[in-house]
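One letter stands for each residue in the lines below.
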Amino acid sequence: QVQLAESGGGLVQAGGSLRLSCAVSGRTFSSYVMGWFRQAPGKEREFVAAINWSSGSTDYADSVKGRFTISRDNAKNTVTLRMNSLKPEDTAVYYCAARHDILSGYHCWGQGTQVTVSS
């Protein structure tokens, strides 16, 4: 069983930066894909970014490309989402998630961390 715990959310002004971390514990596999999702009030949860645990290959939503960077630290079992040039529309609860591989759905989710960007 994999457990995920996010941290690093908070309040920031537009144009500012935040770094979110996801601590991964429990049994994982090299094929795992780690993702970040977000859900704003009244909206559906949406994909933000993902990274392959072994290869480090990444994928981003168009809305965050060039502003957000996802990375992982295999030794520390953490996944980080660095967010720059934040906009008010980035305001949401951000969730860390894991899936076994690129063919499966995300099966494990963290509790979420709030990010609020003021204008």
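In what follows, the structure referred to is the one given above.
Every value quoted in this text rests on a predicted model; they were computed, and no experiment measured them. (Residues numbered from 1 in each chain as written. Predicted model: local features only at pLDDT ≥ 70, side-chain atom pairs only at ≥ 80, totals over all residues. Heavy atoms only, no water.)

K.L.:
Any chance you could explain the overall build of the protein here in plain terms?
P.N.:
In terms of helices and strands, the protein carries 0 helices and 11 strands. For the protein, the α and β elements follow one another from N to C terminus as β-β-β-β-β-β-β-β-β-β-β. Taking 2.2 N^0.38 as the reference for a compact globule, 119 residues should give roughly 14 Å; the C-alpha atoms of the protein span a radius of gyration of 13 Å, in line with that estimate. With the C-alpha coordinates of the protein rotated into their principal frame, the extents come out at 40 × 25 × 25 Å. Within the protein, the proportion of its 119 residues that are buried is 42%. Within the protein, counting contacts between residues at least 6 apart in sequence, those at least 24 apart form 52% of the total. Accessible area of the protein: about 6,200 Å², with a carbon and sulfur share of 47%. Taking the average place of the 12 positive charges on the side chains of the protein and the average place of its 9 negative ones, the gap between the two points comes to 5 Å. (Helix = DSSP H or I, 4+ residues; strand = E, 2+ residues; numbered from the N terminus. Rg over C-alpha atoms; globule rule 2.2 N^0.38 Å. Buried < 20%, exposed > 50% of the residue type's maximum accessible area, 1.4 Å probe, protein only. Contact = heavy atoms within 4.5 Å. Areas by Shrake-Rupley, 256 points an atom, 1.4 Å probe, with all protein chains shown as cover. Lys, Arg positive; Asp, Glu negative; His and termini not counted. Charge placed at Lys NZ, Arg CZ, Asp CG, Glu CD.)

K.L.:
Is there a simple way to explain the state of the cysteines in this structure?
P.N.:
Structurally, a disulfide amounts to a covalent bond that connects the sulfur atoms of two cysteines. Per the counting criterion, the structure on display carries 1 disulfide. Cys22 shares a disulfide with Cys96; S-S distance 2.1 Å. Disulfide Cys22-Cys96: torsion about the S-S bond near -80 degrees, hence left-handed. Remark: Cys96 occurs in strand S9 (residues 92-99) and Cys22 occurs in strand S3 (residues 18-26); sequence separation between them is 74 residues. For Cys96, a relative accessible area of 0% gives the class buried. Cysteine Cys108 shares no disulfide, and the gap to the nearest cysteine sulfur, in Cys96, comes to 8.1 Å. (Disulfide = S-S within 2.5 Å.)

K.L.:
Where do I start with the environment of Val117 in this structure?
P.N.:
Topologically, Val117 is positioned in strand S11 (residues 113-118). Residue class for Val117 comes out buried when judged on its relative accessible area of 5%. In this structure the C-alpha to C-alpha distance between Val117 and Ala92, which are 25 residues apart in sequence, comes to 8.8 Å. Leaving out residues up to four positions away in the same chain, Val117 has contacts with Val12, Gln13, Ala14, Leu86, Lys87, Pro88, Asp90 and Thr91.

So yeah, pure geometry; function would need other evidence.
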